[in-house]
Amino acid sequence: MFTLIQRRPPVPVKLRGCENLPEDRNAINIGTWNVRTLFDKHDTKLMNLLYEMKRLKIDVLGVSETHLTSEMEESFECNGFVVIHSGRNDNIHRQGVAIIITKDLSEHLVGYNLGSERIMSFQLLTQYGPLFVFQVYAPDSSYSYSDKEEIFHQLQHQLNLLPRKSHIILLGDFNGKVGKNNSSNWPGICGQHGLGQMNEEGERLLNFCAANNFSVMNTMYKHRNKKRLVTWVSPDGKVQNQIDFIIVPMDQKKLVKNCRVFNSADIYSDHSLLMARYIMPLPNLKKFKRSPKRFDVTRLKDKQISENFKIKLGVSFQPLLNACEEGSLDD
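All values reported here derive from a predicted model rather than from experimental measurement. (Residues numbered from 1 in each chain as written. Predicted model: local features only at pLDDT ≥ 70, side-chain atom pairs only at ≥ 80, totals over all residues. Heavy atoms only, no water.)

### What about the side chain of R118?
Under the convention used in this document: Secondary structure follows DSSP: runs of H or I at least 4 residues long count as helices, runs of E at least 2 residues long count as strands, and numbering of each begins at the N terminus. Think of it in three bands: residues with accessible area under 20% of the maximum for their type are buried, residues over 50% are exposed, and the middle band is partly exposed, with areas taken using a 1.4 Å probe on protein chains only. Counting rule applied: Lys, Arg positive; Asp, Glu negative; His and chain ends not counted. Within this document, salt bridges are pairs made up of a side-chain nitrogen of Lys or Arg and a carboxyl oxygen of Asp or Glu, the two lying within 4 Å of each other. Two N or O atoms form a polar contact when they lie within 3.5 Å of each other; inside protein one atom must be a possible hydrogen donor and the other a possible acceptor, and for residues adjacent in sequence the pair counts only when both atoms belong to side chains. For this analysis, residues touch if any pair of their heavy atoms sits within 4.5 Å.
With respect to the helices and strands, the residue R118 is situated in the loop between β7 (109–114) and β8 (119–126). Within the buried core, R118 has no salt-bridge partner, and the shortest N-O distance to an opposite charge, that of E117, equals 5.3 Å. One polar contact links the side chain of R118 to the main-chain carbonyl oxygen of A138, over a distance of 3.5 Å. Contact partners of R118, with chain neighbours within four places excluded, come to Q95, V97, Q135, V136, Y137, A138, P139, Y143 and I151.

Structure follows, in structure tokens:
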């Protein structure tokens, strides 16, 4: 079930651009990043992450491997952002996902769903209808077959509960390689700009996308530099993979204007920031004006109304006068 957000007084929403991408006032910069951890006593890693979000003008960021547990506050504000996270409930600082949005954009936040330490989602109010954003952290190859299947069963169950014709964005570290030049085998699902050779986890992801008519967007765009496709690099720098993805329904591909890796963002992780520019106009929130209550004092010119007002006023103050007579002035 979605946790509904209580509305705050509306403020103007400032939509941002990101580096090297054209400005569009109706666009939202959406990214995903495996940061390896956000758990430390002084929140230095979180502060670093929020700094990079401000620098690159990111509106929505899905985060994997936060290592935050469910014992911590599930949503909180920090440095102009709203952090919503879902973690383990056994106080073990492993896995964990989060979604961070700007405070301005949170005015359009309808609610969020903390599924597990590997899946969470939230809903935004837009002019095109509801927008549901999911952050996923899939198990890697060291986990069992049942664990890998379970995460997609959970994700499918949550998708089945959404209203028809909803706008959907899947973000996250799916720990699978969809492979290079698979566009002919997976038309509309996988583009020509994947990396490496497809593995079991990547095939499972593509089958899931085929069943739901989804497209893997960061395989759709050609970039001069291969590094803009690489989302993970091994510690020795010899292995480069594309295992983090941004996925949308096929009929909503036109809403995504670009999707690429930003290697300039640094948070001491072996994963790189993946970001897309998503065209989604937001509604103008109505501003409620509080007009002062006015009293028609001209009615007191009527003798009957004036006498009734004096009587009513005297009755209201009588208990106070009685209390003053019985007690001291201080009481």
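After that view of the structure, there is still more to cover.
### A closer look at the packing of aromatic side chains
What counts, and what does not: Stacked, edge-to-face and tilted labels apply to pairs of Phe, Tyr and Trp rings (six-membered ring for Trp) whose centres lie within 6.5 Å, assigned for plane angles under 30 degrees, over 60, and everything in between, in that order. Placement of a positive charge over a ring is assigned whenever Lys NZ or Arg CZ falls within 6 Å of the ring centre and within 35 degrees of the normal to the ring plane.
Tallying each qualifying case throughout the model produces three aromatic pairs. Aromatic pair F152 and F208: ring centres 5.3 Å apart, planes at 55 degrees, arrangement tilted. You can see F152 sitting in helix α2 (residues 145–160) and its partner F208 sitting in helix α3 (residues 200–212), a full 56 residues away along the chain. This pair shows no difference in class: F152 is buried, exactly as F208 is. Where F174 meets F245, the ring centres are 6.4 Å apart and the plane angle is 45 degrees; that geometry is what we call tilted. Residue F174 is located in the loop between β10 (167–173) and α3, and its partner F245 is located in strand β14 (residues 244–249); the two are separated by 71 residues in the primary sequence. Residue classification places F245 among the buried positions, given a relative accessible area of 0%. The aromatic ring of Y143 is capped on one face by R118, whose charged end is 5.0 Å from the ring centroid. Here the guanidinium or amino end of R260 rests over the ring plane of F262, the centre of that ring lying 3.9 Å away.

### Some remarks on the confidence of the model for the chain
To be explicit about the condition: Here pLDDT means the predictor's own confidence in every residue, given as a number from 0 to 100.
Averaged over all residues, the pLDDT of the chain equals 88, while 86% of them reach at least 70. Predicted confidence is poor over residues 7–22, with pLDDT under 50, and the contacts of this stretch with residues over four places away or in other chains come to 53 contacts.

### Let's talk about the pattern of salt bridges
With the rule as written, the count across this model stands at eight salt bridges. When the shortest N-O distance is used, the salt bridge between E52 and R55 registers 2.8 Å. On the criterion of helical spacing, the pair formed by E52 and R55 is a turn pair, its members being three residues apart in helix α1 (residues 44–56). Look at E52 and you get buried, because its relative accessible area is 6%. With a closest N to O distance of 2.7 Å, E201 and K148 form a salt bridge. Highlighted residues: E201 in helix α3 and K148 in helix α2, separated in sequence by 53 residues.

### Focus: the sheet that holds strand β6 (residues 97–102)
Hydrogen bonding along the main chain pairs the strands of a sheet, whether they run parallel or antiparallel. Inclusion rule: Any two strands with at least two DSSP bridges between them are considered paired. Throughout, an axis means a line fitted to C-alpha atoms (over the contacting stretch in the case of helices), and angles, computed between N-to-C directions, take values from 0 to 180 degrees.
Here we have seven strands laid out as an open sheet, ordered β4-β5-β6-β3-β2-β16-β15, and mixed in their pairing. Of all the strands in the sheet, the pair left with one neighbour each is β4 (75–78) and β15 (256–262). Pairs of neighbouring strands in the sheet enclose a mean axial angle of 20 degrees, with direction left out of account. Alignment of strand β5 (residues 81–86) against β6, held across six bridges, turns out to be antiparallel. Paired with H85 across the bridge in β6 is A98.

### Some details on the environment of E200
With respect to the secondary-structure elements, E200 resides in helix α3. Taking relative accessible area as the criterion, E200 reaches 41% and is therefore assigned partly exposed. Here the alpha-carbon distance between E200 and K177, two residues 23 residues apart in the chain, equals 8.1 Å.

### Section: the environment of L285
As for its placement among the helices and strands, L285 is situated in the loop between β16 (273–279) and α4 (303–326). Classification of L285 by relative accessible area gives partly exposed; the value is 27%. It is 8.3 Å that separates the C-alpha atoms of L285 and H108, two residues lying 177 residues apart in sequence.

### Considerations on unusual backbone geometry
Located in the positive-phi region is D43, a residue other than glycine, with phi close to 55 degrees. For D43, the location among the structural elements is in the loop between β2 (27–34) and α1.

### Remarks on the environment of N258
Inspection of the secondary structure puts N258 in strand β15. N258 gets classed as buried once you look at its relative accessible area, which sits at 15%. Separated by 41 residues in the primary sequence, N258 and M217 have C-alpha atoms spaced 8.4 Å apart.

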